[in-house]
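As a plain string of letters, each chain reads:
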Amino acid sequence: MFGYSQEALGAESDRLHQALRHAGWTPSECGLIAPLTLRIRDLARQQRAVILGHSYQTPDILFGVADYRGDSLGLSRIARDCDADTIVFCGVRFMGETAKVLSPTKRVLLPNPDAGCSLSEAITGEDVRRLRRMHPDATFVCYVNTSAEVKAACDVCCTSANALAIVEAAPTDHVVFLPDTFMARNLAAMTTKRITGFDGRCIVHETFSAEALAAWRERVPGLRILVHTESPPEVVAAADLAGGTGDMVDYVRRSPDTSFMLVTECGLADRMRVEYPDKSFVGTCALCPHMKRIDLRRVLQVLEAPRPEQIVQIPPEVQAGAAAAIERMFEWTARGQDASRPHSNAGEVHRSSNP
Ligand code: 13P
Ligand code: SF4
């Protein structure tokens, strides 16, 4: 396939298996995807494209083709700072939009433009304008899981890595935090500021329960339970750490413990199994149907011949406002680093060794 020699395909298959075996991939499964990963890497080189993979992507994407893997904050910084003509964002739509807002001169491609997010879809720019009329005294903070239009209507954006630092840096005592109702409640428990929330939810993280965590703790002695802050407050309260995906990666990296339960999308545990084969990752996780809409064939197709809807465009009337909200996030976190979260300024990002 694609004219690669048997020797090149064999070497690629071996390379893939070295990593993917830790996530349960067999040599023959690696052999099947080897022509695709070789072709994708060749096209990326020819087009000066950088491939970004969010930690919820499958291991064949993260360890087969991505140049960088990481959390939403780290990847948006790479998108802004990297020297590339094209960014292929293996993640959901709002991530591609954020990359485009930060890098208007780069071509940003989404392998699957239908990959949405229940949080992002929970709120519109019109909702924000209505809330602003109701709360003229408040600083409006939106989670990065929002459309560019919503970001443009807010004062500042944040990610799960820096949400507390942003709320603390807000110039007012009253903060309207949009749209994740659980994150708003989790933040309210950590700050003296008055937080007004909205009714958005992540369809993945709303499914976890404190009872399930307690049962796993009993079953596995010494288990460390790490929970994403998009989860309900009672689940967060039962955790050893609550944070974003980058905080979880950092905790696993630093911890002398060996058993972890990552209460988040299943892709993160697969990524950790590959990076830390000597540690064990057990228990509950949930699949994000949006994140799982991306696969190698779509990555190849978008590099070969992107369809118009796969090329991210930001409406001109939204660009400046959205860019200001994101840049303000970088400025405010630089001022008020959250000491308990080493990634709150920069995000978590790992440069891959993919050839
Ligand atoms: P992070 O910001 O922690 O990478 O998470 C993004 C996301 O979509 C969580 O569900
Ligand atoms: Fe959105 Fe939840 Fe999927 Fe993250 S896991 S992209 S918040 S639906």
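Residues numbered from 1 in each chain as written. Chains lettered and ligands numbered in written order. Predicted model: local features only at pLDDT ≥ 70, side-chain atom pairs only at ≥ 80, totals over all residues. Heavy atoms only, no water.

Participant: Is there a simple way to think about the overall build of the chain in this case?
Facilitator: Scanning the chain from terminus to terminus reveals 15 helices and 13 strands. Counting only C-alpha atoms, the chain reaches 65 × 55 × 30 Å along its principal axes. Looking at the chain alone, contacts between residues at least 24 apart form 64% of all its contacts between residues at least 6 apart. When the accessible area of the chain is evaluated, it comes to approximately 14,000 Å², of which 52% is carbon and sulfur surface. (Helix = DSSP H or I, 4+ residues; strand = E, 2+ residues; numbered from the N terminus. Contact = heavy atoms within 4.5 Å. Areas by Shrake-Rupley, 256 points an atom, 1.4 Å probe, with all protein chains shown as cover.)

Participant: Just to check I follow, could you spell out the site of ligand 2 for this structure?
Facilitator: Around ligand 2, the surrounding shell consists of Tyr56, Cys117, Ser118, Leu119, Asn145, Cys202, Ile203, Val204, Glu230 and Cys288. Of the residues assigned to the shell around ligand 2, the class counts are seven nonpolar, two polar and one charged. (Near = heavy atom within 4 Å. Nonpolar A, V, L, I, M, F, W, Y, C, P; charged D, E, K, R; others polar.)

Participant: What is the right way to look at the sheet that holds strand E8 (residues 194–196) in this model?
Facilitator: Sheet strands associate in pairs through backbone hydrogen bonding, adopting either a parallel or an antiparallel arrangement. In spatial order, the strands read E6-E5-E7-E8; together these four strands make up an open sheet with parallel pairing. Strands with a single pairing partner mark the edges of an open sheet, and in this sheet they are strand E6 (156–158) and E8. Each adjacent strand pair in this sheet contributes to an overall mean axis angle of 30°, direction not counted. Where strand E5 (residues 139–143) lies against strand E7 (residues 174–178), four bridges are found, and the strand directions are parallel. Across the sheet, Thr139 pairs through a bridge with Val175, a residue of E7. (Pairing = 2+ DSSP bridges. Axes fitted to C-alpha atoms, helices over the stretch in contact; angles between N-to-C directions.)

Participant: Got a minute to help me understand the nonpolar core in this structure?
Facilitator: Buried together is how nonpolar side chains tend to be arranged in soluble globular proteins. One finds Ile51, Leu52, Phe177, Leu178 and Leu262 to be the most contacted residues of the largest nonpolar core, which totals 122 residues. Per-element tally for this core: the top contributor is helix H2 (residues 27–46), with eight residues. Discounting residues that sit within four places of it in the chain, Ile51 has contacts with Ile40, Arg41, Ala44, Val65, Ala66, Asp67, Tyr68, Val88, Cys90 and Leu303. (Core = buried A, V, L, I, M, F, W, Y, C linked by side-chain atoms within 4.5 Å. Buried < 20%, exposed > 50% of the residue type's maximum accessible area, 1.4 Å probe, protein only.)

Participant: What's the story with the site of ligand 1 in this structure? I'm lost.
Facilitator: Near ligand 1 the following residues occur: His54, Tyr56, Asp71, Ser72, Asn145, Ser160, His205, His228, Glu230, Gly244 and Thr245. Measuring from an oxygen atom of ligand 1, one finds a side-chain N or O atom of Thr245 at 2.8 Å. Protein coverage of the free-state accessible area of ligand 1, which is 300 Å², stands at 95%. (Polar contact = N/O pair within 3.5 Å; in protein donor to acceptor, adjacent residues only side chain to side chain.)

Participant: I keep staring at the sheet that holds strand E11 (residues 259–263) and nothing clicks. Help me out?
Facilitator: The parallel open sheet is built from four strands, whose spatial order is E10-E9-E11-E12. In the strand order of this sheet, the two ends are held by strand E10 (241–243) and strand E12 (280–281), each with one partner. Sheet topology places strand E9 (residues 224–228) next to E10; three bridges connect them, and they run parallel. By the bridge assignment for E10, Val227 is matched with Ala242. Packing of helix H12 (residues 245–254) onto the sheet brings it into contact with E9, E10, E11 and E12, and relative to E9 it is tilted by some 165°.

Participant: Explain the packing of aromatic side chains here, please?
Facilitator: Two measures describe an aromatic ring pair: the distance that separates the ring centres and the angle between the ring planes. Under the criterion given, the structure shown has two aromatic pairs. On the basis of an interplanar angle of 85° and a centroid distance of 6.5 Å, the ring pair of Tyr251 and Phe260 is categorised as edge-to-face. Since its relative accessible area comes to 0%, Phe260 is described here as buried. An angle of 25° between the planes, with centres 5.7 Å apart, marks the rings of Phe260 and Phe281 as stacked. Here Phe281 lies in strand E12 and Phe260 lies in strand E11, a separation of 21 residues in the sequence. The class of Phe281 is buried, set by a relative accessible area of 8%. An aromatic cluster of at least three residues, connected via ring pairs, comprises Tyr251, Phe260 and Phe281. One residue, Arg219, lies across the ring of Trp216, its end atom 4.3 Å from the ring centre. (Phe/Tyr/Trp six-rings, centres within 6.5 Å; stacked < 30°, edge-to-face > 60°. Lys NZ or Arg CZ within 6 Å of the ring centre and 35° of its normal.)

Participant: It is not clear to me how helix H13 (residues 266–275) should be interpreted in this structure. Could you clarify?
Facilitator: Given 3.6 residues to a turn, an α-helix orients residues that are three or four positions apart in the same direction. Counted residue by residue, H13 has eight buried out of ten residues, so it is predominantly covered. What H13 keeps buried is the set Cys266, Gly267, Leu268, Ala269, Arg271, Met272, Val274 and Glu275. Two or three places before Gly267, at the start of H13, stands the capping residue Glu265, its side-chain oxygen 2.7 Å from that residue's backbone nitrogen.

Participant: How do you make sense of the environment of Pro136 when you look at a structure like this?
Facilitator: Mapped onto the secondary structure, Pro136 falls in the loop between helix H6 (125–134) and E5. Through-space distance from the C-alpha of Pro136 to that of His174 is 9.9 Å; in sequence the pair is 38 residues apart.

Participant: How should I be thinking about the state of the cysteines in this particular structure?
Facilitator: Between two cysteines, a covalent bond joining their sulfur atoms is known as a disulfide. Taken as a whole and judged by the stated rule, the model has one disulfide. Across the disulfide from Cys266 sits Cys285; the S-S distance is 2.2 Å. The S-S bond linking Cys266 to Cys285 shows a torsion near 100°; that makes this disulfide right-handed. Within this pair, whereas Cys266 is found in helix H13, its partner Cys285 is found in the loop between E12 and helix H14 (296–304), the two being separated by 19 residues in sequence. Judged by its relative accessible area of 31%, Cys285 falls in the partly exposed class. (Disulfide = S-S within 2.5 Å.)

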